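Residue-level structural notes
Each chain, letter by letter, is given below.
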Amino acid sequence: MKPKYIVGLVVVAGALAYLIFGGLGQNLVYFITPSEYFQQVERYQNRAVRLGGLVKPGTLEYNPQTLELRFVVTDGVKEIPIRSSGTTPPALFGENRGVVVEGRFEGETFVSQNLLVKHSETYQAPKEGWTPEQVRKLIEETQ
Amino acid sequence: MTPGLLGGVSLVAALILSALGLVLAVLAYSLRDGRYLEAAKRLSLLTLLAAATSFGALEWAILTDDFSVSYVANHSSASNPLWVKLVTPWAALEGSILLWALLQTAYTWLVGLRAGQSLDVWRAPVALGTLFAVQVFFFAVMVFVAHPFDAVPNPPPDGRGTNPLLQNHWMMAVHPVLMYLGFVGLSVPFAYAVAAMVARRYQSWIFETRWWTLVAWGFLTAAIFTGKWWSYEILGWGGYWAWDPVENASIIPWLLATAFLHTAQVQERKGLFKGWNFAFITLAFAATVFGTFLTRSGVIQSVHAFASGPVGAWFLLFLLGVMAVGLGLLARVSSEIREAGEVRWKSREGALLAGALFFGTFAFVVVLGTLWPLVVEVVSGAKVSVGAPFFNQVSVPLGIFMLLLMGIGPVLPWRNTQAEVVRNLAAMLVALGVGTLLGLALGLSLGVSLAIGLFAYNLTAIWLMVAQGVRERSRSLGIPAGQALWELAASHKRRFGSHIVHFGVALAALSIAFSQTYRVTEQKTLQVGETWQTRGLEIRLLSIGAREESNRFAAIAPIEVRSTSREGWGADGRYETRLNFYPQMGSPLATPVVRYSLYNDYYFVLMQFDQEKGQWATIKLIVTPMVWWLWVAGLIIVLGTLYILWPTGARVTSRQMSPMAGD
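Residues numbered from 1 in each chain as written. Chains lettered and ligands numbered in written order. Predicted model: local features only at pLDDT ≥ 70, side-chain atom pairs only at ≥ 80, totals over all residues.

**Notes on the environment of Glu-349 of chain B**
Residue and element names in this part refer to chain B. Within the element layout of this structure, Glu-349 appears in helix H14 (residues 348–380). Put simply, Glu-349 and Phe-362 are 13 residues apart on the chain and 20 Å apart in space, counted from C-alpha to C-alpha. For Glu-349, the contacting residues outside a window of four places in its chain are Val-266, Lys-270, Leu-272, Val-343, Arg-344 and Trp-414. (Helix = DSSP H or I, 4+ residues; strand = E, 2+ residues; numbered from the N terminus. Contact = placed C-beta atoms within 7 Å.)

Okay, structure coming up:
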């Protein structure tokens, strides 16, 4: 092979590697529970996060006119306030039910862009007293 | 005889027949005895009949609501409408594998028909043996781990029902079958490649294999576009591609098969790139198994993993087996297929190889992005997912390069570049520049402007090539241009077909650029009778009602839409937005209403409604430009493929025989 082809190949491979690994680094979405968030608060600021937990009873506020939804998720140990605007709560969403939110942390509050509840016939809501392990399972299984 | 018994027995029969076929093929190869080959060919028909009987038994059980059969009890319901029952075999894992195996036996039988003719007697036993081995795998999976006909001791009065996402749109009757036809179709080129490497006949396999690959590719393309359309019409988010693992599973083999289709032309014509061709086709088939492994094993959670089961490990082993056979053989013969000459990059062959390498790279990037969560989990223990932005970010530059190459490649001659080619390239670059500047002048984003430029560039390339051929023919034969075009299109089907396909791809790219950049989503809660003014539309909520249907219950909120400015042009009408409630699903399924038009698509989704008093409903509006053209582009690509494949009697065979005619 001629040297100029090798140089070209190296340039193309370098550009590609930059594109792939730079892109992967920026676009990873971390799946975490509230407890895990408080272990590494800095790490999860300003990046895409998928957070799961139980909607804490008595914290749910929804205004159907402005479509603003506020609630607190908990994994039984730690709690995080969630704000979501422009989304409608899905039908299975409610207090004491599991929920997974996708969005970003803005300071103390988590701003949700997408709100998911598990759609499954076999899904059994855990009894009172959620644990971070159950929440983790919920996050991984909810689509 | 019950359907369960018939199905189970015929499955075991198909497994035994496939194993027998494999043994006969091995004997035919090692003893060089044509009688064994003949017997293996006959067996392939028997296996097809056994598989068809088994599939028929499953349909029989579903249609007669026989809930003593496990598959029917788990995935069907007596209240399903007839069409849903007919498509239920491929609504879940076990039935899907049965359909896959059935199609596999059909392909094996078709290959058997070629044995001894275009598939010579040295390669035929190996090709048939490979396909029988693949069949042994699928029937063994069904008999041992994913048996559709397990007996249910106490049959329930009704089944658990079919996945609502699947029964919500008729496209589900078509899309999975097309996908399997494509996936399974790639086993044939793989078998031909294995046969070529085992029999050490490195050139003759390529002609027919290209044809088989194009058949599978056509099905895969149709499947991908129908899948996009299904996703657009059903999932209610206004998009058509989310880089979900199962979508990636369909695009990876498609990309690798596309790479093969391009390098195969060079081997046909010049005998180059034999190694690339063996590698691409092995990887393309392996990618179909990889995709099934990914989506069925639950390794990576996906919306499509409706049917995860214990088959993951089996598919992983099979994947490793396919890779080991294909790449192992390639390593063994690599010294014998070393290239005779140096590749000239500035020629057709160079452009074709560069294009194929881009497709291969793209496939690699998609594999990497899909598997990256596993890597991160193994290394750091964190659970992550790779978002769609990653894939979008990477596919834009790769897509631009591919569109550039797609224009240049066919214009470049096989030999070195000439002055005329330089003139053509200059014209294409002018079109690229003018198109891009026009887009920018209209105030469009850089990406979309570039897409317009690339569309103009590719259109110019096709125009120049067709016009040149027509001009030469009409001048030399003294016939009118129209007649010359007609004759050229009929005699150079591959060339014209590829122009059609390339045009479709350019149109698809344009549509994707517009729709991804200018999609707008809005949402509002309306009181009954209230009017919502937005985006040049007046949307009035008329009422909220309910309807009972055989397999579901629907909440219906009719809306009336009037366009008030040019922006909302074409949206006028009355639409029934609805939420479907299926008994087996806890939450309702939104069913979007889509108003297609040549420019904007208007998409209305009923998100939520006042369940107590029926006073209000939340409506989501999504306006996306040019999506309609994506479906048109898909149709053009499939029609172009069909045009190339369409048999025209003697000409096809003579063209296949002569490597010089391939163009």
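**Brief notes about helix H8 (residues 175–185) of chain B**
Across the 11 residues of H8 of chain B, 10 count as buried, placing the element largely inside the fold. Of the residues making up H8 of chain B, those classed as buried are His-175, Pro-176, Leu-178, Met-179, Tyr-180, Leu-181, Gly-182, Phe-183, Val-184 and Gly-185 of chain B. (Buried ≥ 20, exposed ≤ 12 C-beta atoms within 10 Å, placed from the backbone.)

**Some details on the sheet that holds strand E2 (residues 520–527) of chain B**
Residues and elements named next belong to chain B. Across the sheet, which stays open at both edges, the four strands sit in the order E2-E11-E10-E9 with antiparallel pairing between neighbours. Of all the strands in the sheet, the pair left with one neighbour each is E2 and strand E9 (593–595). Direction aside, the axes of adjacent strands within the sheet are offset by 20° on average. In this structure, strand E10 (residues 600–609) lies alongside strand E11 (residues 616–625), joined through nine bridges in antiparallel fashion. Bridged to Asn-600 within E11 is Pro-625. (Pairing = 2+ DSSP bridges. Axes fitted to C-alpha atoms, helices over the stretch in contact; angles between N-to-C directions.)

**Regarding the packing of helix H9 (residues 187–199) of chain B against helix H10 (residues 205–234) of chain B**
All names here are of chain B. Running from N to C, H9 and H10 point in directions that differ by 165°, and their axes come no closer than 9 Å. Between H9 and H10, the crossing angle belongs to the class labelled roughly antiparallel. In this structure, H9 meets H10 at a crossing whose hand is left-handed. Listed contacts from H10 to Val-188, Pro-189, Tyr-192, Ala-193, Ala-195 and Ala-196 of H9 are Trp-205, Glu-208, Thr-209, Trp-212 and Thr-213. Here the residues of the contact of H9 with H10 are counted per class, giving eight nonpolar, two polar and one charged. (Parallel < 35°, antiparallel > 145°, perpendicular 65-115°, else oblique. Left-handed = near helix turned anticlockwise from the far one by under 90°. Nonpolar A, V, L, I, M, F, W, Y, C, P; charged D, E, K, R; others polar.)

Function-wise, these values are silent; they only describe arrangement.
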